[in-house]
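# Observations on the three-dimensional arrangement
Chain by chain, the residues run as shown.
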Amino acid sequence: DAVEHRRIVEDFCDFLAGRTDALIRKLEREMSTAAEELDFERAARLRDDVSALRRAMEKQAVVLGNGVDADVIALVGDELESSVKIFHVRDGRVRGERGWVVEVQENATLADQVGAFLLQFYGAESEMSSGIPREVLVPALPDDAPELEKWLTEQRGAGVSLRVPQRGDKRTLMTTVELNATEAMARHKLQ
């Protein structure tokens, strides 16, 4: 009914806004009630929902300062293939991640691979061209980094900084993304 539909929409909006504490408490109360009523299947589903919600929120933990919008890109591989992993950080939280295994052009350096990836990923015909953040963190700067920065700024319509994180939270996050890329490459090699 309309009341139930509105409640679901409000819960969803709270979840997207990161206000999950009240939702978790509500689900836990419903789970306890279901268990008291001996409705163990419903209690188990609610338990699984609470667990999934907590896992989702762990992934969205604040990893950089509030207000920080960045894409953190790592490339890990060998002379034939690279695993590319990107974490999308919006307002300081990881809001999504993507990954690919791509062929490496012959004799391409890491910096060359980064430049080629940026052009392809943020290109005018890409769905990401409208989602370029203020900062793009990469493992190595391409030789044409100033031109790429200018191009990204034009694509975004506002300033974009292209950097290699050296220390602090951004370096720590880059390490995490690199580990994810390494794991993805290992899984790919096993296939």
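Structure shown above.
Scope of this entry: the structure provided in the associated data block. The shown structure was predicted, so the numbers you read here are calculated from the model rather than taken from an experiment. (Residues numbered from 1 in each chain as written. Predicted model: local features only at pLDDT ≥ 70, side-chain atom pairs only at ≥ 80, totals over all residues. Heavy atoms only, no water.)

### Side note on the nonpolar core
Membership of the largest hydrophobic core comes to 17 residues, with the highest contact counts inside it found for Ile-73, Leu-118, Tyr-122, Val-136, Val-138, Leu-152 and Leu-162. Counting only elements with at least two residues in this core, the list comes to strand 1 (70-77), strand 2 (81-90), helix 4 (110-121) and helix 5 (145-156). Here the element with the most residues in this core is helix 4; it accounts for 4 residues. Beyond its immediate sequence surroundings of up to four residues, Ile-73 is in contact with Val-84, Lys-85, Ile-86, Phe-117, Leu-118, Tyr-122, Val-136, Leu-137, Val-138, Pro-139, Met-174 and Val-177. Counting residues in each nonpolar core, the second largest holds 13 residues, with Leu-64, Val-68, Val-72 and Leu-173 among its members. (Core = buried A, V, L, I, M, F, W, Y, C linked by side-chain atoms within 4.5 Å. Buried < 20%, exposed > 50% of the residue type's maximum accessible area, 1.4 Å probe, protein only. Helix = DSSP H or I, 4+ residues; strand = E, 2+ residues; numbered from the N terminus. Contact = heavy atoms within 4.5 Å.)

### Thoughts on unusual backbone geometry
Even without being glycine, Leu-38 reaches a positive phi, approximately 60 degrees. Of the residues examined, Leu-38 reaches a relative accessible area of 60% and is grouped as exposed. Here Asp-91, not a glycine, exhibits a phi torsion of approximately 55 degrees, which is positive. Mapped onto the fold, Asp-91 is located in the loop between strand 2 and strand 3 (93-103).

### Description of helix 5
Over its 12 residues, helix 5 extends 16 Å from the first C-alpha to the last, a length consistent with the 16 Å expected when each residue adds 1.5 Å. Of all the residues in helix 5, the buried ones are Ala-145, Leu-148 and Leu-152. On an axial view of helix 5, the arc spanned by its buried residues comes to 60 degrees, and they lie on one face. Counted as exposed and oriented over 90 degrees from the buried face of helix 5: Pro-146, Glu-147, Lys-150 and Glu-154. Where the residues of helix 5 are buried, they touch helix 4, strand 4 (135-137) and strand 5 (161-163). Two residues or fewer past helix 5, Gly-157 is found with a positive phi of approximately 85 degrees. (Expected span 1.5 Å × (residues − 1). Arc of directions from axis to C-beta.)

### A word on the packing of aromatic side chains
Across all of its chains, the model carries 4 aromatic pairs by this definition. Residues Trp-100 and Phe-121 carry aromatic rings whose centres are separated by 5.6 Å and whose planes lie at 70 degrees to one another, so their mutual orientation is edge-to-face. You can see Trp-100 sitting in strand 3 and its partner Phe-121 sitting in helix 4, a full 21 residues away along the chain. Centre to centre, the rings of Phe-121 and Tyr-122 are 4.9 Å apart; their planes meet at 75 degrees, and the pair counts as edge-to-face. Each member of the pair, Phe-121 together with Tyr-122, is buried. Through pairs of rings, three or more aromatic residues link up here, namely Trp-100, Phe-117, Phe-121 and Tyr-122. (Phe/Tyr/Trp six-rings, centres within 6.5 Å; stacked < 30°, edge-to-face > 60°.)

### Description of the pairing of strand 2
Residues in a regular strand point their side chains to alternate faces of the sheet. Of all 10 residues in strand 2, 8 are buried; the element is thus mostly enclosed. Pairing geometry for strand 1 and strand 2, over 8 bridges, is antiparallel. Looking at strand 2, one finds that Val-76 is bridged to Ser-83. The antiparallel hairpin formed by strand 1 and strand 2 contains 3 residues in its connecting segment. (Pairing = 2+ DSSP bridges.)

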